[in-house]
Amino acid sequence: MSVERLSLISQVEDLFPDFGKGFIDICLEQFNDNVEKLIHHLLEDSLPEQLKSLDHSMKSRSTFFFFSFFFFFSLHLNPFFKQFSFFTA
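Definitions and limits used
- Residues numbered from 1 in each chain as written.
- Predicted model: local features only at pLDDT ≥ 70, side-chain atom pairs only at ≥ 80, totals over all residues.
- Heavy atoms only, no water.
- Core = buried A, V, L, I, M, F, W, Y, C linked by side-chain atoms within 4.5 Å.
- Buried < 20%, exposed > 50% of the residue type's maximum accessible area, 1.4 Å probe, protein only.
- Helix = DSSP H or I, 4+ residues; strand = E, 2+ residues; numbered from the N terminus.
- Expected span 1.5 Å × (residues − 1).
- Arc of directions from axis to C-beta.
- Salt bridge = Lys/Arg side-chain N within 4 Å of Asp/Glu carboxyl O.

V12, F23, L28, L38, L42, L47 and L51 are the most contacted members of the largest nonpolar core, which has 19 residues in total. Counting residues per element, the ones that place at least two in this core are α1 (3-15), α2 (21-30) and α3 (35-43). Looking at this core, the element that brings in the most residues is α2, giving five residues.

What follows is the structure, given as structure tokens:
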């Protein structure tokens with residue numbers, strides 16, 4: 001992670017110390033690294049649903065991607081789910 005990115009994360013973390021770096025990093029990406037816009041949405045509790053549903057204490061992005069990857073493949077590889085048409089290719 002770049003020094004600039006860590007600086008942006010730190011600015012948000014100063015105001016929201018309970019939020020993990022991974023969560024803040026994903027939020028910053030969604031708001032095109034606009035710290036002011038992200039802070040505004042956090043203060044107004046108006047984050048998009050896909051961000052609200054994330055674990056706010058996530059320490060790193062790799063945790064998010066690992067569990068997303070694991071969940072996706074567990075659905076597609078589990079024979080139980082293959083009986084449903086929306087899980088088949």
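Additional details are given in the paragraphs that follow.
Further remarks concern α1. Each α-helix turn comprises 3.6 residues. Residues three or four places apart therefore point the same way. Taking 1.5 Å of rise per residue, the 13 residues of α1 would be expected to cover 18 Å, and the 19 Å separating its terminal C-alpha atoms lies within 8% of that figure. For α1, every residue scored as buried is listed here: R5, L8, I9 and V12. Around the axis of α1, the buried residues are gathered within 95 degrees of arc, so they sit on the same side. Along α1, exposed side chains directed more than 90 degrees from the buried face belong to V3, E4 and D14.

Take the pattern of salt bridges next. Scanning the entire structure with this criterion turns up four salt bridges. Residues R5 and D33 are paired through a salt bridge, measuring 2.0 Å at the closest nitrogen-oxygen approach. Of this pair, R5 sits in helix α1 while D33 sits in the loop between α2 and α3, placing them 28 residues apart in sequence. For R5, a relative accessible area of 13% corresponds to the buried category. With its nearest N and O atoms 3.9 Å apart, the salt bridge here joins E49 to K52. Here E49 and its partner K52 are both found in helix α4 (residues 49-52), three residues apart, which amounts to about one turn of the helix. Here K52 falls in the partly exposed class, since its relative accessible area comes to 32%. Through salt bridges with shared partners, a single network forms among R5, D25 and D33.

Function cannot be inferred from these measures alone, as they are strictly geometric.
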